[in-house]
Structures are given as C-alpha cells and as structure tokens.
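Tertiary structure, described
Here is what each chain is made of, one letter per residue.
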Amino acid sequence: ASTAEIFNPQLQIKPIITLSEGAEFVDYNGGEILEFGSFSETATITIEAGNGSTRQWKIRLINKPQLPNSGFELWKTDGLYPTISETPGVGLGWATANNSFVKGTLSTSNPPNGNAAEMTTDIVDNFLIKNLITSGTLYVGQFKLSLDMDNPRSMTKFGIPFEASPTAVKIDAKYRPGNSLQRSVNVSGMKYRLENVAGEDKGQIWIELVNWSGSGNIDYSGEANANIKVLARGEYNFIGASGWNRITIPFIKNSSYDLYPVTHIVIVIASSAEGHLFLGAKESVLTVDNIELVY
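Residues numbered from 1 in each chain as written. Predicted model: local features only at pLDDT ≥ 70, side-chain atom pairs only at ≥ 80, totals over all residues. Heavy atoms only, no water.

1. Observations concerning the overall build of the chain
Of regular secondary structure, the chain possesses zero helices and 26 strands. Expressed along its principal axes, the backbone C-alpha trace of the chain runs to roughly 85 × 45 × 35 Å. Here the chain, with 295 residues, has 43% of them falling under the buried criterion. Contacts in the chain between residues far apart in sequence, at least 24 positions, make up 63% of those at least 6 positions apart. (Helix = DSSP H or I, 4+ residues; strand = E, 2+ residues; numbered from the N terminus. Buried < 20%, exposed > 50% of the residue type's maximum accessible area, 1.4 Å probe, protein only. Contact = heavy atoms within 4.5 Å.)

2. Examining the sheet that holds strand E6 (residues 54–59)
An order of E3-E5-E6 is seen for the three strands of this open sheet, with the pairing classed as antiparallel. The open sheet has two free edges, formed respectively by strand E3 (24–25) and E6, since each of these has just one partner strand. Taken together, the two bridges between E3 and strand E5 (residues 43–48) define a ladder with antiparallel strand orientation. Looking at E5, one finds that Phe25 is bridged to Ile47. (Pairing = 2+ DSSP bridges.)

3. Side note on the pattern of salt bridges
Evaluation of the coordinates by the stated rule reveals eight salt bridges. Between Arg233 and Glu235 there is a salt bridge whose closest N-O contact spans 3.0 Å. Taking relative accessible area as the criterion, Arg233 reaches 29% and is therefore assigned partly exposed. A salt bridge links Arg246 to Glu292; its shortest N-O distance comes to 3.1 Å. Taken as a pair, Arg246 in strand E22 (residues 242–250) and Glu292 in strand E26 (residues 285–294) lie far apart in primary sequence, 46 residues in all. Residue class for Glu292 comes out partly exposed when judged on its relative accessible area of 32%. In this structure, a network of salt bridges that share partners links the residues Asp172, Arg246 and Glu292. (Salt bridge = Lys/Arg side-chain N within 4 Å of Asp/Glu carboxyl O.)

4. Observations regarding the nonpolar core
One finds Leu67, Trp94, Leu138, Ile265, Ile267, Ile269 and Val288 to be the most contacted residues of the largest nonpolar core, which totals 32 residues. Where this core is concerned, the elements lending two or more residues are strand E11 (115–120), strand E14 (137–143), strand E17 (168–176), strand E20 (202–212), strand E21 (228–239), E22, strand E24 (264–270) and E26. When near neighbours in sequence (up to four residues on either side) are disregarded, Ile269 contacts Trp94, Met119, Gly136, Thr137, Leu138, Ile171, Gln204, Ile205, Leu286 and Val288. Residues Ala97, Tyr139, Phe143 and Trp206 belong to the second largest nonpolar core, which totals 14 residues. (Core = buried A, V, L, I, M, F, W, Y, C linked by side-chain atoms within 4.5 Å.)

5. What about unusual backbone geometry?
Backbone phi values are negative for most residues with the exception of glycine, while trans is the configuration of most peptide bonds. Cis rather than trans, the peptide bond between Thr87 and Pro88 has omega equal to 10°. You can see Pro88 is positioned in the loop between strand E8 (81–84) and strand E9 (94–96). Of note, the amide linkage connecting Pro111 to Pro112 takes the cis form, showing an omega dihedral of 0°. Considering the arrangement of structural elements, one finds Pro112 in the loop between strand E10 (105–109) and E11.

6. Remarks on the sheet that holds strand E19 (residues 191–196)
By way of backbone hydrogen bonds, the strands of a sheet pair with one another, either parallel or antiparallel. Strand order across the open sheet formed by three strands is E19-E18-E25, with antiparallel pairing between neighbours. Edge positions in the sheet fall to E19 and strand E25 (279–281), since each of these pairs with one other strand and no more. The mean angle between the axes of side-by-side strands here comes to 40°, regardless of whether they run parallel or antiparallel. Relative to E19, strand E18 (residues 181–188) runs antiparallel, the two being bridged by six bridges. (Axes fitted to C-alpha atoms, helices over the stretch in contact; angles between N-to-C directions.)

7. A closer look at the confidence of the model for the chain
Here the chain averages 91 in pLDDT, and 94% of its residues register 70 or above. The low-confidence segment residues 1–9, where pLDDT is below 50, has 17 contacts with residues more than four positions distant or belonging to other chains. (pLDDT = per-residue confidence, 0-100.)

8. Describing the packing of aromatic side chains
Enumeration according to the criterion identifies eight aromatic pairs in this entry. Measuring from centroid to centroid gives 5.0 Å for Tyr139 and Phe158, while their planes differ by 80°, and the two rings are edge-to-face. In this pair, Tyr139 is assigned in strand E14 and Phe158 in strand E15 (residues 156–158), connecting sequence segments 19 residues apart. Taking the relative accessible area as the measure of exposure, Tyr139 reaches 0% and is therefore buried. Among the aromatic side chains, those forming a connected cluster through ring pairs are Tyr139, Phe158 and Trp206. Across from the ring centre of Trp57, 4.4 Å away, lies the NZ or CZ of Arg55, which sits over that ring. (Phe/Tyr/Trp six-rings, centres within 6.5 Å; stacked < 30°, edge-to-face > 60°. Lys NZ or Arg CZ within 6 Å of the ring centre and 35° of its normal.)

9. Let's talk about the environment of Ile249
By secondary structure assignment, the location of Ile249 is in strand E22. Separated by 44 residues in sequence, Ile249 and Ile205 place their C-alpha atoms 8.6 Å apart. Those residues within four positions of Ile249 in sequence are excluded, and the remaining contacts are Ala168, Val169, Ile205, Ile207, Gly234, Glu235 and Tyr236.

Structure below.
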C-alpha cells in the first residue's frame, strides 16, 4: 500500500511505501522525495522480495493540481495594509490590489468554512486622490503599486506558472451591487469628478489558460500582448443581488492554439467588472470562497 505527501503540488512527491516482510528497495531509499522535471516523466522504484524476485513500480504525477490557498484562509499585513497571502511565494499565488490608499479586498468569516475573501468597491477621497472609483480585486499573480492612473491595470500582473488543463472553475460566491453606478472623470492630475451613470453595477470573474512566450516572469495585464496566447477563456458576471451559490465557469478553448502548451493560469475576481475604467458603485460587494479547478 502507498500514499504520497505532496511538497510541491506539481512536481515533487514523497512516497510512503509499505513493504512486505523481507522485501527491500533496490534503487530507492525509503522516504526520499521524488522530483519530476515535467508531467511526462516517470520514476521507477525496484523492490526485491524475500525470495529474491524483483518487481519494478512506475510512478508518475497526475496532472490535476489545485491552487494554493484556494479556501482563502491565509492572509497577512504587508506594511500598513492587509492583503491575502501570496503562498507559496510572490507571483506564485493570490494577490490583491490593496495598497496604502485602497483596502478593497479583505478577509471575512464564512462559517463553517473558515475565512472567505470579500471585495468592496469604494471611492478614494484623500489629500492626494479625489473621487476615484476603486473596485476590490482578487487574482492570481502579483501587484506592483504605481501612480499610473491612466492605466491602472499596469499595476496588476495576472497569471501564475501552471501546466495543467482544467476544464472549468467552481467557486462559492455571493454579490450585492451598490446603490448608485458612477464614473470617475479626470479633472486634472489625480483629481476626479463623479458622474452618475444609468444602470447597475455588476461583479465579475474571468479565467484564462495562457501560453507566455516572453522572457522572465509573465507580464500580462489582461490586454493584448504579443507574448500571450489565450488558449482558453471563461467569464461570469454577477447581475443583481444574490446569496451564496456555487457557480461553475467553463474554459472555452480557442482551437487556433491547440498545439500550444499551457504555461500559466489566470483568475481575476472584481466587485465592479469595469472598475479598471473607473466605473462602479460604492459598496458593491462580491464575496468568494472555496475555489476548485475541475478536470
């Protein structure tokens, strides 16, 4: 009988193998970690029985990993502001756009499931920035604060390394739109005026499997990029108020890129779908928990 303690969800395992009486490992030291360069690699362990006969066991990884911190339990305070933990490392897990001016994504209690992530749209109004609509956001990737207000998505680097090909994403979610849809219109510098807009705010989750051909870490803000090929995409919009539901978002493949391997996964969650365009409603709230990749 055997089980496996996972160290790196994709490329390392520590097999726990129970040998029959008198049996010994021939080419493996019990308890050693097996490392795989890719999911196509196979490891071989040879075992010699008490009667001298040998048998080889082939081990390979099943390419069905889940995302770290997928229940949104791990949070931290980075300097003066709270944010989700980037476990297992910066650019390898979840991130928020929380910063010294915006605290749009925070932990909230979700009994009996522990914590959940709650995104809230707000209006920044302080000594530096006036009347700026800001959506709460949560995504896999990295946030780098800058004051490029003409292109707020330049601060977000979407996507983390990933080789698998899930068919869908499941997630628990509930949504409540704010009362008044507004747009921030630039007056000068970082000063904006608020304009009322007809309609109602909506929350959004969008997902992608992408191939990154650039050098170094992925640099993707959701806009067209010569080094990005979107292999599959899905989207879900929250329209109107709703309580907790478990929703499923399928990945829709782009058949033009069938021959390209997946290198990164992108998941972006926002309390205002067009928050990057400074459009949203104050106190729109999107709460999510228990994300699952479906294979």
